[in-house]
Amino acid sequence: MIWPLAALVLLAGAVGGVRRARPGPRRSNAIAGSIGAVATAPPNAQRFTHKTITVPTDLLEDVDQIVGGGNLSAFVSDALRQAVQSHHRREILAEYEAEHGLVPAEEVAALAQELASA
C-alpha cells in the first residue's frame, strides 16, 4: 500500500512546477523606499524586493553559463522557490512520519518509479 501523504509529497515535488518570476513594474529610488518594496504596484500584482546577496564567484560563473543573457533574477527566484517548496514538503513528511511512522523505502521507490513513468 502506498501511503497517501508520501504520494502527495512526492507528487508535489515531481509535478508541482515552479512559477516563473514575472517582470515587475519599474521603480525609482523615490518610489522603492528604504526596504525596496514597490509602492505603486496594483493590488493583485506580484511584488518584488531588491536584495543584495553574496555568492561564490565560481557558482555565479556557472549560473551565467546557464542563463547567458537571460534573466538572472528569474533564475534565482525559481531556485529559491524550489528550495522553499522542498523545505515545506520535508516539514509535512516529518510531521506525518512523527504521527504514523516512517514511510517504507520500498513504497517511496515504487511511487517514484510510477511517477517517473507517468
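Residues numbered from 1 in each chain as written. Predicted model: local features only at pLDDT ≥ 70, side-chain atom pairs only at ≥ 80, totals over all residues. Heavy atoms only, no water.

1. Topic: the overall build of the chain
1) Next: Per the secondary structure count, the chain includes 5 helices and 0 strands.
2) Next: The order of α-helices and β-strands along the chain, N terminus first, is α-α-α-α-α.
3) Next: Across the chain, the fraction of contacts at a sequence separation of at least 24, relative to all contacts at a separation of at least 6, is 65%.
4) Next: Accessible area of the chain: about 9,000 Å², with a carbon and sulfur share of 58%. (Helix = DSSP H or I, 4+ residues; strand = E, 2+ residues; numbered from the N terminus. Contact = heavy atoms within 4.5 Å. Areas by Shrake-Rupley, 256 points an atom, 1.4 Å probe, with all protein chains shown as cover.)

2. A look at helix 4 (residues 72–100)
Side chains three or four residues apart in an α-helix point the same way, a direct result of the helix having 3.6 residues per turn.
1) Next: The end-to-end C-alpha separation of helix 4 is 42 Å, in line with the 42 Å expected for 29 residues at 1.5 Å each.
2) Next: The opening residue of helix 4 is Asn71, an N-cap whose side-chain oxygen sits 3.0 Å from the backbone nitrogen of Ser73.
3) Next: A positive phi of about 95 degrees marks Gly101, the residue just after helix 4. (Expected span 1.5 Å × (residues − 1). Polar contact = N/O pair within 3.5 Å; in protein donor to acceptor, adjacent residues only side chain to side chain.)

3. Remarks on a nonpolar patch on the surface
1) Next: On the surface, a nonpolar cluster with roughly 400 Å² of combined accessible area is contributed by Ile53, Val55, Leu59, Leu60 and Leu72.
2) Next: We classify Leu72 as partly exposed; its relative accessible area is 36%. (Patch = residues over 30% accessible without salt bridge, like charges linked within 9 Å, V, L, I, M, F, W, Y side chains within 5 Å. Salt bridge = Lys/Arg side-chain N within 4 Å of Asp/Glu carboxyl O. Buried < 20%, exposed > 50% of the residue type's maximum accessible area, 1.4 Å probe, protein only.)

4. Describing a negative patch on the surface
1) Next: Side chains of Asp58, Glu61, Asp62 and Asp64 sit close together on the surface and give a patch of like negative charge.
2) Next: With respect to the helices and strands, Asp64 occurs in helix 3 (residues 57–67). (Lys, Arg positive; Asp, Glu negative; His and termini not counted. Charge placed at Lys NZ, Arg CZ, Asp CG, Glu CD.)

5. Let's talk about the confidence of the model for the chain
1) Next: Looking at the chain as a whole, the pLDDT averages 74, with 63% of positions reaching at least 70.
2) Next: For the chain, helix 2 (residues 29–32) is the element with the lowest average pLDDT, namely 39, and helix 3 is the one with the highest, namely 93.
3) Next: Confidence drops under a pLDDT of 50 for residues 14–38, and excluding neighbours within four residues, the segment shows 38 contacts in the predicted structure. (pLDDT = per-residue confidence, 0-100.)

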